[in-house]
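Summary of structural features
Read off the chains here:
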Amino acid sequence: MRLRRGMLAATTGLLLAVTGCTSFSESADEASASGSAAPSSPAEPEAAPITWTDCDAQITDLIAGTPGSERDLAFECGRTEVPIDHDEPEGETLPLFLVRAELAGQTDRIGSLLVNPGGPGGSGADAALGLALSMPEDVLRRFDLVGFDPRGVGLSTPVECIPAELKDEQVAAEPRPTTQAQLDEVLALTDRAAEACADEYGDALGTFNTVDTARDMDLLRESLGDEQLTYLGYSYGTTLGSTYAELFPENVRALVLDAAVDPDADEQADAEASAAGLEAGFDAFAANCTGLVSGCPLGGDPRTFLNDLLTQAAGAPVPSTRPGETRQATPGVVMTAVLSAMYDPSSWPQLSQSLATARNANDSAGLFTLADSYSGRLEDGSYTNLFDANVAINCADTPEDETYSEEEVLALAQDWSARYPLFGAGSATSLYTCSVWDAPRTPLPERDAEGSAPILVVGNTGDPVTPLPGAEDMAEDLTAASLLVWQGQGHTAYPKTDCVTAAVNAYLIDLTVPQDGLTCPA
């Protein structure tokens, strides 16, 4: 499965230690049974109040020692209710979890800045913690930073239906299936996950869609006391933000859509673009490694080194020296670690050293650290619900007629494997996921956000996850959008470089929109 993680905070899973999860209401099955058609005009339920509790002491203890934790921040945790079905505002509700961070000494407060880190399935509450520690203080002095876990995610009625053992099998599975036997094994795992979720939730799986989450956001805006929404969304968060702008254009104050998902690409085009982008991302990683003055741990040809390690791991999975670890690194684990590091160049040294240690010292501990970070696996062997929410939301958003047979997937896997040797076959198999997903669908609307305030779309020339053409398409589709380009590597741009940071800050605070097409150097 393909995660567009965006800016998942290093604190992923941290808030699980602060408060418990809420189980999903059984009444959602009945409430969502009629939600399989394209979205109708949004209903207008009343916004429920947010119940805030002081969780400052717990969060301060948990982030102690993290860069940025010396900031004078105060944290609150919140709960509110939203309709399961927004077209039935008097019907059953589900709770959402929020975190609010406030910097001491706020002056000329503008309102709340709502954030979403991507995925889908990333915790907005965790992201609020990470951004509170890293975002420019100029912004924090003007806004309360608010992160919410979308419906089905984290601590907001989490979707939990894929057993941890099955997730372990999915991570360990063949990452480049090009034979019928390999594909059968991989797709059988997809079938098992789909069956488990259908058995657990039935039609309620359709509840976890982006259109209803966008409607939730408008209720949150009202509950927070903001006349208009100020929003920062990464990766999948750009899909959520642009959907909000389409449904509620008059309620937009400022939207920053960073690492935009292409709104014009169908599932196949999106999957191929992902394979091509990740392939280019690995080439950038390899060039960086071989250009090191200290020498590259992978030698002069990192791609060959990786292929040799994959062959080695296929014959004899690599054990780990991590205390208590019983897993061994298969080619699937190796490629999950590589995929994890493609999101952020700051992880590249860790990846190169982990690959070298796995092959040269027969120790996969570093690879498991990277792979577990990507999959949401915790130290005790349990998982966050990142995978569950990712597939549930992606498939709830995907039209029912976008299906791919095993034969079509195999043909694409073989074709793309030749063109994108590391990531092509894996991207092709992802097309099967929603073809066997048994739940109502609420397809995303076409989005031009006619009538909204100016919107800022940000893209990277070297983004391996959501390549720049996606940001270009989104900026072109949205009537009032401007495009800001960073000539940098990795997934997402703000606040990683002074030029992008200055432009985004001016937009968020003063509503100063940069010139369309402004390009910031690496």
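Our subject is the structure listed above.
Now for a description of the structure that goes with this document.

Definitions and limits used
Residues numbered from 1 in each chain as written. Predicted model: local features only at pLDDT ≥ 70, side-chain atom pairs only at ≥ 80, totals over all residues. Heavy atoms only, no water. Disulfide = S-S within 2.5 Å. Helix = DSSP H or I, 4+ residues; strand = E, 2+ residues; numbered from the N terminus. Buried < 20%, exposed > 50% of the residue type's maximum accessible area, 1.4 Å probe, protein only. Phe/Tyr/Trp six-rings, centres within 6.5 Å; stacked < 30°, edge-to-face > 60°. Lys NZ or Arg CZ within 6 Å of the ring centre and 35° of its normal. Expected span 1.5 Å × (residues − 1). Polar contact = N/O pair within 3.5 Å; in protein donor to acceptor, adjacent residues only side chain to side chain. 1 Å grid on protein atoms, 1.4 Å probe; cavity = no way out; pocket = protein on both sides within 12 Å on 5 of 7 lines; lining within 4 Å. Points joined across faces, edges and corners; volume = space filled by probe spheres on them.

**Looking at the state of the cysteines**
All told, the structure shown has five disulfides when counted by the stated rule. Disulfide pairing places C55 opposite C77 at an S-S distance of 2.2 Å. Taking the torsion about the sulfur-sulfur bond, which here is approximately 95°, the covalent link between C55 and C77 counts as right-handed. In this pair, C55 sits in the loop between β1 (51–54) and α2 (56–63) while C77 sits in strand β2 (residues 73–83), placing the two residues 22 residues apart along the sequence. A sulfur-sulfur separation of 2.0 Å characterises the disulfide bridge that pairs C289 with C296. Residues C289 and C296 are joined through a disulfide that is right-handed, its torsion about the S-S bond being 95°. Relative accessible area serves as the criterion here: at 14%, C296 is assigned to the buried category. Numbered by position along the chain, the disulfide-linked cysteines of the protein chain connect as 1-2, 3-4, 5-6, 7-8, 9-10.

**Quick notes on the packing of aromatic side chains**
All chains considered together, the criterion is met by five aromatic pairs. With a centroid separation of 6.3 Å and 80° between ring planes, the pair formed by Y201 and F208 is classed as edge-to-face. A single burial state applies to Y201 and to F208, both of which are buried. Ring centres of F285 and W348 lie 6.0 Å apart, and the angle between their planes is 75°; this geometry places the pair in the edge-to-face category. Here F285, found in helix α9 (residues 267–290), pairs with W348, found in helix α12 (residues 348–361); they are 63 residues apart in sequence, far enough to count as distant. Summarising the burial analysis for this pair, F285 and W348 share the class buried. Taken together, F282, F285 and W348 form an aromatic cluster joined through their ring pairs. For R100, the ring lying beneath its charged end belongs to W52, and the centroid distance is 4.0 Å. The ring of F305 carries R359 above its face, with NZ or CZ at 4.6 Å from the centroid.

**Structural notes on α9**
In an α-helix, one full turn covers 3.6 residues, which means residues spaced three or four apart are oriented alike. Between its first and last C-alpha, α9 extends 35 Å over 24 residues, near the 34 Å set by a 1.5 Å rise per residue. Where α9 begins, the capping side chain belongs to D266, and its oxygen is found 3.3 Å from the backbone nitrogen of Q268.

**What about the layout of surface pockets?**
Taken as a whole, the second largest pocket spans an internal volume of roughly 790 Å³. Residue lining of the second largest pocket: 33 residues in total, with A265, E267, D397, T398 and L444 positioned closest to the centre. Among the secondary structure elements, those contributing two or more residues to the lining of the second largest pocket are α8 (236–247), α9 and α14 (386–397). The element that contributes the greatest number of residues to the lining of the second largest pocket is α14, accounting for five residues.

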